[in-house]
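Results of the structural survey
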Amino acid sequence: MTEASSPSEPKLGLASQVLGGLPIINAVTDRLGLPALLSAALPDGDSRVKVSSAAAIRLVVTNLVLGREPLYGLGEWATRFDPSLLGLTPGEVSVLNDDRVGRALEALFDADRASLLTAVVLRAVSEFDIDTDQLHNDSTSISVHGVYSDAVGAARGGQPTPVITWGHSKDHRPDLKQLVWILTVSADSAVPIAYRLADGNTVDDPTHVPTWDGLVGLLGRTDFLYVADSKLCSRKAMGHIASNHGRFVTVMPRSRAEDGAFRKHLQTHAPVWTEAFRRPGKRLGDLDEVYSTTPAPLPSVEGYRIVWVHSTAKASRDAQARAGRIDAGVTAIEALEAKLSGPRSRFKTRVTVEQAAAEALARTGADRWVSVTVSETTSKTYKQARAGRPGPNTSYREVSSTRFTLSHDIRLEPIRYDAASDGCFPLITNDRVLSDADVLSAYRYQPNLERRHHLLKSVQDAAPVLLHSPARIEALFCCQFLALLISALIEREVRTGMQHADLTKIRIYPEFRNCTSPSTERILEIFATVSRHQLHHDGVLLQTFHPDLNVQQQQVLELMNLAPSVYTQLT
């Protein structure tokens, strides 16, 4: 047996606190002046408040950057870290709960969020030298679970709340209600510039005019290039931007008459295509992907310039998609033929057979390239007029039965017509100075905005929404935007540092594998286990053991122009 220690025996204790990626996040938020801006926007005049609204919102934003925890888990999550790096005191960490954070979100909703976000974004543009000459806009849907009977747009303190309802789900979840998230980013590292949270049944067409007006008010100028998808291609939206001396680039939808006119023009003319961009194939042995451009023979009906683009990769996809639909259509017709030849076919008339064949082709999208011919054959049989054993005087009646057969034919002329414009799509712009290649380059940056939507829904876990108060949901998405901005700036700082150091890749993947485009998620992940340890004796600090940073971590800090001391200094 071991002898019990006496009460007076000195006690040693080792306290560990995770630092993780907090010093990096704080370096960015300090350059943004976010803590001071939050304190100014969310003043706490009540001395009974144990955790200030500004501190709680800062905690929510930091948590979203590192990877979202539910509000009820924020208190437990915060206990793992050095509280000073979270902008909190040990006493504030101990009283954190979802109710206090929820009230802080309501305070953020009631505050002047527009002025707060304007100050933050303008500080980001100035401090990080972000180029705002080209901006990209797009929307996505945010799915929610539940009824949300209170989310009907009722005002709170004079401010409208979002309507949570059904709409066109870009998440392919028509069974869930949703909100619409509208985001604008710069063409400089896809840094978020502005956002709006719209009602769940909002369509994209009418959103571009208020979005563009908001950007003009934010930046104080109209000469930036506004790039968006085909919903911008409306007379009202394009006319509003053009009449206010703005510039735009968008893709023209297939429903426009100009699209059909050019595809018809291609049947008898061979336009001069100019190579605008080339990149290697995705796999070894694949052909290069080539983009070429040519000006349209005529402008749009509004008088705007149209640039047609041909992509070799898209041409291959178009041809494969058409062949797949033709194959699916033929298979559907053969399956219908098998039903017709069965002993108990339910198709009794030519009309029902023709209708079934048309529906099968329309369902597979092959009705343009596959035609069907219905044939019928009539056969005669004889049956006794009455039941019983047949005899010399038995009378018989004639019974006629009709059978239908199908034959399909591949329509070569429509295939040839469509193949002439495989890989082609039109861009429309009011800018007369940009070259055709520059117009294409501007539009080709649009997928970088989709990555921000992906980060919002995956890393920051914005969908599905786990709150039920419309005001808190609106405020939470304000925090989501701030977190998205911080993440984009961290990513931009590292990649800019790589360019200045003439590095095409750094070893931050597991097993020290190379990474050409480091993401914030991976950058912060390599710091996830970095901790500080402190040895205490009877409550007195004896020694602090600072973390030893490895080569990967030191290189990232160097690329961000951060000294290793951000991980060794005590706050």
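Scope of this entry: the structure provided in the associated data block. (Residues numbered from 1 in each chain as written. Predicted model: local features only at pLDDT ≥ 70, side-chain atom pairs only at ≥ 80, totals over all residues. Heavy atoms only, no water.)

Side note on the overall build of the protein
Per the secondary structure count, the protein includes 18 helices and 16 strands. Against the 2.2 N^0.38 benchmark of 25 Å for 571 residues, the protein shows a C-alpha radius of gyration of 33 Å, more extended than a compact globule. When the backbone C-alpha atoms are referred to their principal axes, the protein occupies close to 125 × 75 × 55 Å. Relative to its full complement of 571 residues, the protein shows a buried share of 46%. As displayed, the protein has an accessible area near 29100 Å², and 52% of this comes from carbon and sulfur atoms. Seen as two clouds, the 62 positive and the 64 negative side-chain charges of the protein have centres 10 Å apart. (Helix = DSSP H or I, 4+ residues; strand = E, 2+ residues; numbered from the N terminus. Rg over C-alpha atoms; globule rule 2.2 N^0.38 Å. Buried < 20%, exposed > 50% of the residue type's maximum accessible area, 1.4 Å probe, protein only. Areas by Shrake-Rupley, 256 points an atom, 1.4 Å probe, with all protein chains shown as cover. Lys, Arg positive; Asp, Glu negative; His and termini not counted. Charge placed at Lys NZ, Arg CZ, Asp CG, Glu CD.)

A look at the pattern of salt bridges
A full pass over the atoms with the stated rule returns 35 salt bridges. When the shortest N-O distance is used, the salt bridge between arginine 156 and glutamate 106 registers 3.9 Å. With arginine 156 in the loop between β2 (134-144) and β3 (177-186) and glutamate 106 in helix α6 (residues 98-110), this pair connects stretches of sequence that are 50 residues apart. The class of glutamate 106 is partly exposed, set by a relative accessible area of 21%. (Salt bridge = Lys/Arg side-chain N within 4 Å of Asp/Glu carboxyl O.)

Digging into the sheet that holds β2
Where strands meet in a sheet, backbone hydrogen bonds hold them as pairs that are either parallel or antiparallel. Strand order in the open sheet formed by 9 strands is β4-β3-β2-β5-β6-β12-β9-β8-β7, and the pairing between neighbours is mixed. Looking at which strands have only one partner, the edges of the open sheet turn out to be β4 (192-198) and β7 (274-279). Within the sheet, the average angular offset between the axes of one strand and its neighbour, ignoring direction, is 25°. Where β7 meets strand β8 (residues 289-295), 5 bridges bridge the pair, whose relative direction is antiparallel. Paired with arginine 279 across the two strands is glutamate 289, which belongs to β8. Contacts from helix α15 (residues 447-457) reach β2 and β3, with the element oriented near 30° to β2. (Pairing = 2+ DSSP bridges. Axes fitted to C-alpha atoms, helices over the stretch in contact; angles between N-to-C directions. Contact = heavy atoms within 4.5 Å.)

Notes on the layout of surface pockets
Considering only enclosed or pocket space, the largest pocket measures out at about 630 Å³ in volume. If you go around the largest pocket, you meet 25 residues; those closest to its centre are Arg113, Ala114, Leu117, Tyr195 and Arg196. Listing elements by their share of the lining of the largest pocket, those giving two or more residues are α7 (113-127), β3, β4, α8 (208-219) and α16 (470-500). (1 Å grid on protein atoms, 1.4 Å probe; cavity = no way out; pocket = protein on both sides within 12 Å on 5 of 7 lines; lining within 4 Å. Points joined across faces, edges and corners; volume = space filled by probe spheres on them.)

Looking at the packing of helix α11 (residues 312-340) against helix α12 (residues 350-364)
Look at α11 against α12: their axes get within 8 Å of each other, and the N-to-C directions meet at 150°. Considering their axes alone, α11 and α12 lie roughly antiparallel with respect to each other. The two elements α11 and α12 meet at a crossing, and its hand is right-handed. Facing Arg325, Ala328, Gly329, Ala332, Ile333, Leu336 and Leu340 of α11, the residues of α12 in contact are Val353, Ala356, Ala357, Ala360, Leu361 and Thr364. By residue class, the composition of the contact of α11 with α12 is 10 nonpolar, 2 polar and 1 charged. (Parallel < 35°, antiparallel > 145°, perpendicular 65-115°, else oblique. Left-handed = near helix turned anticlockwise from the far one by under 90°. Nonpolar A, V, L, I, M, F, W, Y, C, P; charged D, E, K, R; others polar.)

Topic: the side chain of glutamine 267
With respect to the helices and strands, the residue glutamine 267 is situated in the loop between α10 (257-265) and β7. Of note is the side chain of glutamine 267, whose polar atom sits 3.4 Å from the side chain of arginine 416. Every residue in contact with glutamine 267, bar those within four places of it in the chain, is listed here: Arg416, Tyr417 and Ala420. (Polar contact = N/O pair within 3.5 Å; in protein donor to acceptor, adjacent residues only side chain to side chain.)

Quick look at the environment of aspartate 259
Structurally, aspartate 259 is set in helix α10. Beyond its immediate sequence surroundings of up to four residues, aspartate 259 is in contact with Met252, Pro253, Arg254, Trp308 and Pro426. Side-chain polar atoms of aspartate 259 contact the side chain of arginine 263, separated by 2.7 Å.

Digging into the packing of helix α3 (residues 53-66) against α16
Where α3 meets α16, the axes come as close as 8 Å, and the angle between the chain directions of the two elements is 55°. Our classification of the angle between α3 and α16 gives oblique. Helix-helix and strand crossings are classified by hand; for α3 and α16 the assignment is right-handed. Of the residues in α16, those touching α3 at Ile57, Val60, Val61, Leu64 and Val65 are Leu476, Cys479, Gln480, Leu482, Ala483, Ile486 and Ser487. Tallied by class, the residues present in the contact of α3 with α16 amount to 10 nonpolar, 2 polar and no charged.

Quick look at the sheet that holds strand β16 (residues 540-545)
Spatial ordering of the open sheet is given by β1-β15-β16, a layout of 3 strands whose pairing is antiparallel. Sheet topology places β1 (12-18) and β16 at the edges, where each strand pairs with a single neighbour. The sheet shows a mean angle of 25° between the axes of neighbouring strands, direction not considered.

With respect to unusual backbone geometry
Both trends apply: most residues other than glycine have a negative phi, and most peptide bonds are in trans. With a phi close to 55°, tyrosine 148 is a non-glycine residue in the positive phi region. Structurally, tyrosine 148 is set in the loop between β2 and β3. Despite not being glycine, aspartate 461 has its phi angle at roughly 55°, a positive value. Here aspartate 461 shows up in the loop between α15 and α16.

Quick notes on the pairing of β16
The pairing of strand β15 (residues 531-537) with β16 spans 5 bridges and is antiparallel. Note on β16: the bridge partner recorded for histidine 536 is leucine 541. Taking the residues between adjacent antiparallel strands as the criterion, β15 and β16 are bridged by 2 residues, where aspartate 538 takes a positive phi near 55°.

What about the environment of valine 185?
Mapped onto the elements of the fold, valine 185 is located in strand β3. The class for valine 185 is buried, based on a relative accessible area of 0%. Taking the C-alpha atoms as reference points, valine 185 and threonine 132, separated by 53 residues in sequence, lie 8.8 Å from one another.

Some thoughts on the packing of aromatic side chains
One pass over the structure, following the stated rule, counts 9 aromatic pairs. Pairing tryptophan 77 with phenylalanine 81 gives two aromatic rings, centres 4.8 Å apart and planes at 50°, and the pair type is tilted. Its relative accessible area of 4% is what places tryptophan 77 among the buried residues. Ring geometry for tryptophan 212 and phenylalanine 224: centres 6.1 Å apart, planes at 40°, overall tilted. Of this pair, tryptophan 212 sits in helix α8 while phenylalanine 224 sits in the loop between α8 and β5 (225-227), placing them 12 residues apart in sequence. Three or more aromatic residues joined by ring pairs form one cluster here, namely Trp181, Tyr195, Phe477 and Phe481. The ring of phenylalanine 128 carries the charged tip of arginine 31 above its face, separated from the ring centre by 4.0 Å. (Phe/Tyr/Trp six-rings, centres within 6.5 Å; stacked < 30°, edge-to-face > 60°. Lys NZ or Arg CZ within 6 Å of the ring centre and 35° of its normal.)

Concerning the side chain of arginine 305
Following the sequence through the fold, arginine 305 ends up in strand β9 (residues 305-311). Only 2.7 Å separates the side chain of arginine 305 from the backbone oxygen of leucine 434, close enough to count as a polar contact. Excluding residues that lie within four positions of it along the chain, arginine 305 makes contacts with Leu427, Ile428, Thr429, Asp431, Arg432, Val433, Leu434, Ser435, Asp436 and Val439.

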